[in-house]
Amino acid sequence: MYKDLYVKKKMSNEEAIKLIKSGDRVWFAPINDTPVPILNTLCENYENLRDVTVFSTLVAYPLEVFKSKYKGHIGFSTLFFGPYERKGFAEGNMTFGSVHLSNFEKYINKVVRPRVAVISTSEMDENGDFCYGPGGTLANVHAVEYAEHVIINVNKNIPSTIRGERNKINISKVSCICENDFQIAELADEPAGEVEKKIASYIIEDIKDGDTLQIGIGAIANAVTYGLDGRKDLGIHSEMMNNALLYLTKKGVVNCSRKNFMPGKIVCAFAWGSRELYDFLGESEMMHIAPVSWVNAYNTIAANDNLVSVNGALMIDLVGQVCAESVGFRQFSGTGGQLDFVLGATGSKGGRSFFVLPSTIETKNGIESRIRLSLPEGGVVTTPRTCVQYVVSEYGIADLYLKTNEDRIKALIGIAHPDFRDKLRFEAKNAGLII
């Protein structure tokens, strides 16, 4: 029965894209699950279309649709800049939106409102189900529930046994099936230098056996994670599963045995890393991949006792406002799930939230402090000062939580690079922030 239906719904890319009409809003699976061959076919037919908007986020491929030649025909909208979006934005065919990942379901239903959803899946199983790939469960479930038509790209490189919540779609809900095998984009570890390792050492010292981790990507995050191989019984509740967390899991450091919420389960919304990581998703009974609107919800995060959240920052001002997504007016990354986990961690019994950043950055103007009197013009406040708990540089930890402005300022100056401390004190006094 399912095999017959599969044959009936199977189409070429050219036939499938005929479901997309001028004026349509189209969801394409994000991150490493973007069905690039179908999107490329859509671009090849751009002259037949007007005012189509493709929605996705944090794509892992240099997409053809970014190019200016498609303006007015097929545009692209994203919520998070990775390296490909940063480069492609200059073409002028891209818009950016700011949304907390915990609000992704609302974003799909109220803003995207896709008439067509295009997603990548595994091959069909005996029940007529297709599994979303490593990046797909993030939000695909909401897009396919809303869309009038669902086009799936079956890719044999996606495991068909990824465990989780609402991470499969049945053939009965699929409009058409395309078959395009491609290697899922991988993400290599960013190496850590001495500064990153020093920052990580302060956090490693704080993490205890049995804690549950939320750690993102980047050199400092990797230095923290790989430095925990002497701990025991750690758990994971994180929007992203990566290579470093896989390392701890395979070493037995992560077993989730002491988690009070979903014990025994690694909870995440997507995975991005090596082929070994993707294979692990399909093999491990520990994995529980679920929609990000649930994974990142405050009540879900705070239900985990002793949750330790580690997030990066580009810069921070002297009263504790964190900028993690822009350099002035130039968008660099996105809002993502940072504030979701900051709030969830501080709401967790025994939880802690850390922001990490090197004390300085090299710019065209020379070495500058990342701890500043104020954020530069256009700088985005990703996390407000009232929510910030610990800030860590290579010079130590500043505890800002529930403190006065004067105490925050003194603590942050204390972890600034020594070459900038006197200047920061002078600026703070001159601005009337401290007496």
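Refer to the structure presented above.
**Quick word on the overall build of the chain**
Link 1 in the chain: The helix and strand inventory of the chain stands at 15 helices and 26 strands.
Link 2 in the chain: Taken over the C-alpha trace, the chain has a radius of gyration of 22 Å; the compact-globule value for 435 residues is 22 Å, and the two agree within 12%.
Link 3 in the chain: If one aligns the C-alpha atoms of the chain with their principal axes, the spans along those axes are about 75 × 50 × 35 Å.
Link 4 in the chain: Considering the chain as a whole, with its 435 residues, one finds that 56% of them fall into the buried category.
Link 5 in the chain: In the chain, the proportion of contacts linking residues at least 24 apart, taken out of those at least 6 apart, comes to 72%.
Link 6 in the chain: For the chain, the accessible area works out to roughly 17,700 Å², and carbon and sulfur atoms hold 49% of it.
Link 7 in the chain: With 47 positive and 51 negative side-chain charges, the chain shows a separation of 3 Å between the mean positions of the two kinds.

**Points about the nonpolar core**
Link 1 in the chain: Counting 109 residues, the largest nonpolar core has Phe104 and Met241 as the members making the most contacts within it.
Link 2 in the chain: Non-local contacts of Phe104, meaning those with residues more than four positions away in its chain, are made with Trp27, Thr57, Leu79, Leu138, Ala139, Val292 and Ser293.

**Considerations on the sheet that holds strand 18 (residues 322-323)**
Link 1 in the chain: Strand order in the open sheet made by the three strands is 18-17-24, with mixed pairing throughout. Pairing within the sheet leaves two strands with one partner each, and these edge strands are strand 18 and strand 24 (371-372).

**A closer look at the layout of surface pockets**
Link 1 in the chain: Estimated volume of the second largest pocket: approximately 160 Å³.
Link 2 in the chain: Forming the walls of the second largest pocket are Glu368, Ser369, Ile371, Arg372, Leu373, Ser374, Phe420, Lys423, Leu424 and Glu427.
Link 3 in the chain: Elements represented by at least two residues in the lining of the second largest pocket include exactly strand 23 (366-369), strand 24 and helix 15 (418-430).
Link 4 in the chain: Across the lining of the second largest pocket, the residue classes break down as four nonpolar, two polar and four charged.

**Here we look at the side chain of Thr300**
Link 1 in the chain: Mapped onto the elements, Thr300 comes out in helix 12 (residues 298-302).
Link 2 in the chain: With residues near it in sequence (within four places) discarded, Thr300 still touches His237, Phe261, Trp294 and Val295.

**Brief notes about unusual backbone geometry**
Link 1 in the chain: Look at Cys256: it is not a glycine, yet its phi comes out positive at around 60 degrees.
Link 2 in the chain: Considering the arrangement of structural elements, one finds Cys256 in the loop between helix 9 (243-250) and strand 13 (266-268).
Link 3 in the chain: With relative accessibility at 0%, the residue Cys256 sits in the buried group.
Link 4 in the chain: A positive phi is found at Asn306, a non-glycine position, where the angle reads about 55 degrees.
Link 5 in the chain: Positionally, Asn306 belongs in the loop between helix 12 and strand 16 (307-312).

Analysis parameters
- Residues numbered from 1 in each chain as written.
- Predicted model: local features only at pLDDT ≥ 70, side-chain atom pairs only at ≥ 80, totals over all residues.
- Heavy atoms only, no water.
- Helix = DSSP H or I, 4+ residues; strand = E, 2+ residues; numbered from the N terminus.
- Rg over C-alpha atoms; globule rule 2.2 N^0.38 Å.
- Buried < 20%, exposed > 50% of the residue type's maximum accessible area, 1.4 Å probe, protein only.
- Contact = heavy atoms within 4.5 Å.
- Areas by Shrake-Rupley, 256 points an atom, 1.4 Å probe, with all protein chains shown as cover.
- Lys, Arg positive; Asp, Glu negative; His and termini not counted.
- Charge placed at Lys NZ, Arg CZ, Asp CG, Glu CD.
- Core = buried A, V, L, I, M, F, W, Y, C linked by side-chain atoms within 4.5 Å.
- Pairing = 2+ DSSP bridges.
- 1 Å grid on protein atoms, 1.4 Å probe; cavity = no way out; pocket = protein on both sides within 12 Å on 5 of 7 lines; lining within 4 Å.
- Points joined across faces, edges and corners; volume = space filled by probe spheres on them.
- Nonpolar A, V, L, I, M, F, W, Y, C, P; charged D, E, K, R; others polar.

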